[in-house]
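Spelled out, the chains give:
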Amino acid sequence: MGKVKLKEHIINREWCKGCGICVHFCPKNVLELDETDKGVAVRPEDCICCKLCELRCPDLAIEVLTETETSALVKSEEAAEV
Amino acid sequence: MAVKDYIRQRFFPHIWCPGCGHGIVLNALLRAIDQLGMSKNEIVMVSGIGCSSRISGYVDFHTLHTLHGRALAFATGVKMSMPELNVIVPMGDGDALAIGGNHFIHAARRNIAMTAIIMNNRIYGMTGGQYSPLSGYGTRATTAPYLNIDHDFDIAEMAMAAGASFVARTTTYHVRQMADILKEAILHEGFSVVEILSQCPTYFGRKNKMGSAADMMEMFKKNTTPIGSEAKKENPDLIERGIFVQKDVPEYCSEYDKLIENAMKGQ
Ligand SMILES: Cc1ncc(C[n+]2csc(CCOP(=O)(O)OP(=O)(O)O)c2C)c(N)n1
Ligand code: SF4
Ligand code: SF4
Ligand code: SF4
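In this report, we go over the structure that sits alongside the text. All values reported here derive from a predicted model rather than from experimental measurement. (Residues numbered from 1 in each chain as written. Chains lettered and ligands numbered in written order. Predicted model: local features only at pLDDT ≥ 70, side-chain atom pairs only at ≥ 80, totals over all residues. Heavy atoms only, no water.)

Some points on the overall build of chain B
Looking only at helices and strands, chain B features eleven helices and ten strands. A compact globule built from 267 residues would reach a C-alpha radius of gyration of about 18 Å, and chain B, at 18 Å, matches this within 12%. Considering only C-alpha atoms, chain B reaches an extent of 65 × 45 × 35 Å along its principal axes. Residues classed as buried in chain B amount to 52% of the 267 residues present. Taking contacts inside chain B between residues at least 6 apart in sequence as the whole, the part at least 24 apart equals 66%. Summed over its atoms, the accessible surface of chain B is roughly 11700 Å², and 54% of this surface lies on carbon and sulfur atoms. (Helix = DSSP H or I, 4+ residues; strand = E, 2+ residues; numbered from the N terminus. Rg over C-alpha atoms; globule rule 2.2 N^0.38 Å. Buried < 20%, exposed > 50% of the residue type's maximum accessible area, 1.4 Å probe, protein only. Contact = heavy atoms within 4.5 Å. Areas by Shrake-Rupley, 256 points an atom, 1.4 Å probe, with all protein chains shown as cover.)

What follows is the structure, given as structure tokens:
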């Protein structure tokens, strides 16, 4: 397996409560809260895919998608469409 | 299976306050179960009453939401009648150790196979921030505006003294350790106790001027240390985390089966 690369951060804005835990603990300062207090990835190019934000989010609102995997949530939604 | 396949998505966003540590426990528990490759049908979650106990509403296992303090009693009934199921019992510190303290020590003494997760936020979150047996001397709560004079106890030491055959502690900061410990606890054949230091920013945090949820998690990082570390020798006030006990002791349901077999001999 090659190096894991970031595809995207999927942040569920309906579930995020703006607690700031992901922002506070990101080792690379990738995340911020926007003007509506929702987590956003403002510097995705700096992300090292440690997934600590995903693991520490109390609201299950973040998924860090990497090159080697696709989101199960997206997959099941796509599956529901066809 | 993906983590999201183990939850009842229709009930999200959940009711917990922003930054509540109980959500992080849910997060790590789902990952532990996913990594163990367990099916939803082989798990029963039994909880009592409290913010922590609401966790059973969000997982898509067999679930029972019972009475305050009595989760272990209901869980004992479930396990005795269907010992092939994996029973997980998440409890608040009040639920497990105030009203439910007696059930707790006796479930540990019997060594009945189930995983008791104590989400210790040192307060009664659900009912408005009254002090709990885990608040500790010198803390503040809604019912202790002039400082608490009650001493707390050490959940891990008490569980070990009562006979639990698996005892561990971790925190909501240490999410990878939490998932690893939960996996071991679930696989253990006996009564497993996992204490997880969890933050209630709304009551314990606010009353004790501990700052944000992230600040409270920083304190879990600062105030804890791996079991037997050098740091602990230098600073005895540090709280140890890791697995304290993991031993083979005859398990209650299998002993009960043997008893029946013996009694039926020659009949
Ligand atoms: C028999 C009974 N007594 C008291 C209550 C009120 N009550 C509900 S939850 C709770 C304590 C909650 O604290 P804890 O178990 O620590 O969980 P948390 O809400 O902090 O997660 C109490 C006293 C109740 N529901 N039933
Ligand atoms: S940790 Fe989760 S809930 Fe908190 S701000 Fe980040 S995405 Fe939102
Ligand atoms: S995966 Fe790690 S580096 Fe990337 S945003 Fe999350 S916490 Fe930051
Ligand atoms: S009151 Fe405390 S324990 Fe209850 S949901 Fe809010 S932060 Fe969590």
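Describing the site of ligand 3
Every residue lining ligand 3 is accounted for by H9, C26, P27, V30, L31, C47, I48, C49, C50, K51, C53 and V64 of chain A. Here the residues of the shell around ligand 3 are counted per class, giving ten nonpolar, one polar and one charged. (Near = heavy atom within 4 Å. Nonpolar A, V, L, I, M, F, W, Y, C, P; charged D, E, K, R; others polar.)

Some remarks on the environment of M91 of chain B
All names here are of chain B. Mapping M91 onto the fold places it in strand β3 (residues 86-92). M91 sits 44 residues away from S47 along the chain, and the two C-alpha atoms are 6.4 Å apart. If we ignore the near neighbours within four places in the chain, the residues touching M91 are S52, L72, A96, F104, A116, I117, I118 and M119.

Observations concerning the pattern of salt bridges
One side chain can pair with another of opposite charge once the charged atoms of both are near each other. This model, assessed by the stated rule, comprises 13 salt bridges over all chains. In this structure, K5 of chain A engages E67 of chain A in a salt bridge whose closest nitrogen and oxygen atoms are separated by 4.0 Å. Of this pair, K5 of chain A sits in the segment before β1 (6-11) while E67 of chain A sits in the loop between β4 (62-66) and α3 (72-81), placing them 62 residues apart in sequence. Ionic pairing is found between E195 of chain B and R169 of chain B, a salt bridge with its closest N-O pair at 2.9 Å. Linking E195 of chain B in strand β8 (residues 191-197) with R169 of chain B in strand β7 (residues 166-171), this pair joins segments that are 26 residues apart in sequence. With a relative accessible area of 4%, E195 of chain B lands in the buried category. A residue is classified by how much of its surface remains accessible, and R169 of chain B, at 6% relative accessible area, is buried. Bridged by salt links that share partners, the residues R8, K40 and D60 of chain B form one connected network. (Salt bridge = Lys/Arg side-chain N within 4 Å of Asp/Glu carboxyl O.)

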